[in-house]
Amino acid sequence: MITLTDVTKDKKHLKQVKRLYKSAFPANERPPFFMILNKAKKGKGELFAAESNGSFIGLANTVTHKQTVYLFFLAVDSAVRGKGYGSEILTEIKRRYNDKKIILCMEELDTSAKNFEERIKRKRFYERNGFNLSGIKSVEAGVWYDLLVYGGEITYEEFADLMKDYMGSLLFKLIFKQG
């Protein structure tokens, strides 16, 4: 069974979360770790260590606004990838936020991308876990993303409202645009 532990309250796996965060996501696609941690400490998001039987297996970072949860980051430690833990983490997130829509962004399916096959696998993974393409594209710091949703429909305005609440309007205007 997977448990999600808030690393702002229980720092047991904080170093592992930071290490995984930095290794799993390209530098141009991730805010500084201290920013995510500070936002979580201030109640503007949650940063979780995912554990199975007390062992660290991954991380999840969520942001909640009104009836929407944005799964900002999800990663499984490379030592245990391919064992179903990603799906188990998503199941726990869906259970935890069962009364809300859950959204996430993944790199768009650009056939010219060097990691196109990886993007296809990622899309299939999310679809197997009940997420669907919303038809909305977002450009964040020059990177194109497809917005996926679980548990309902989403508009770009709802996504933008959530991100403005999380980041502030000025930073949002500097980083995001609708695709």
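Please read these numbers as outputs of a predicted model, since none were measured by experiment. (Residues numbered from 1 in each chain as written. Predicted model: local features only at pLDDT ≥ 70, side-chain atom pairs only at ≥ 80, totals over all residues. Heavy atoms only, no water.)

A. Layout of the environment of Y166. Examined against the element boundaries, Y166 turns out to sit in helix α5 (residues 156-167). Along the chain, Y166 and K44 lie 122 residues apart, while their C-alpha atoms are 6.1 Å from each other. With residues up to four places along the chain from it excluded, the contact list for Y166 reads M35, I36, K39, K44, V63 and F72. (Helix = DSSP H or I, 4+ residues; strand = E, 2+ residues; numbered from the N terminus. Contact = heavy atoms within 4.5 Å.)

B. Just the sheet that holds strand β2 (residues 46-52), in detail. On the basis of which strands lie adjacent, the open sheet formed by eight strands has the order β1-β2-β3-β4-β5-β7-β6-β8 and mixed pairing. Single-partner strands in this sheet number two, and they are β1 (2-6) and β8 (176-178). Strand-to-strand twist of the sheet, defined as the mean angle between neighbouring strand axes without regard to direction, takes the value 35°. As judged from the five bridges shared by β1 and β2, these two strands associate in the antiparallel manner. (Pairing = 2+ DSSP bridges. Axes fitted to C-alpha atoms, helices over the stretch in contact; angles between N-to-C directions.)

C. Representation of the pairing of strand β3 (residues 55-65) within the structure. With nine of its eleven residues buried, β3 lies for the most part within the structure. Where β2 meets β3, seven bridges bridge the pair, whose relative direction is antiparallel. Considered in β3, the bridge of L47 is made with N61. Adjacent in sequence and paired antiparallel, β2 and β3 are bridged by two residues, among which N53 carries a positive phi angle near 55°. Between β3 and the antiparallel strand that follows it, strand β4 (residues 68-76), lie two residues; K66 among them carries a positive phi value of about 55°. (Buried < 20%, exposed > 50% of the residue type's maximum accessible area, 1.4 Å probe, protein only.)

D. Spotlight on the packing of aromatic side chains. In total, this model carries twelve aromatic pairs according to the counting rule given. Relative to F73, the ring of Y21 lies with its centre 5.0 Å away and its plane at 90°, an arrangement referred to as edge-to-face. Of the two residues, Y21 sits in helix α1 (residues 14-24) while F73 sits in strand β4, which places them 52 residues apart along the sequence. Considered together, Y21 and F73 belong to a single accessibility category, that of buried residues. Judged by centre distance (5.5 Å) and plane angle (80°), the ring pair of Y70 and F159 falls under edge-to-face. Within this pair, whereas Y70 is found in strand β4, its partner F159 is found in helix α5, the two being separated by 89 residues in sequence. You'll find Y70 and F159 in the same group, each marked buried. Counting every residue linked through ring pairs, the aromatic cluster contains Y21, F25, F33, Y70, F72, F73, Y156, F159 and Y166. Positioned over the ring face of Y166 is K39, at 5.3 Å from the centre of the ring. (Phe/Tyr/Trp six-rings, centres within 6.5 Å; stacked < 30°, edge-to-face > 60°. Lys NZ or Arg CZ within 6 Å of the ring centre and 35° of its normal.)

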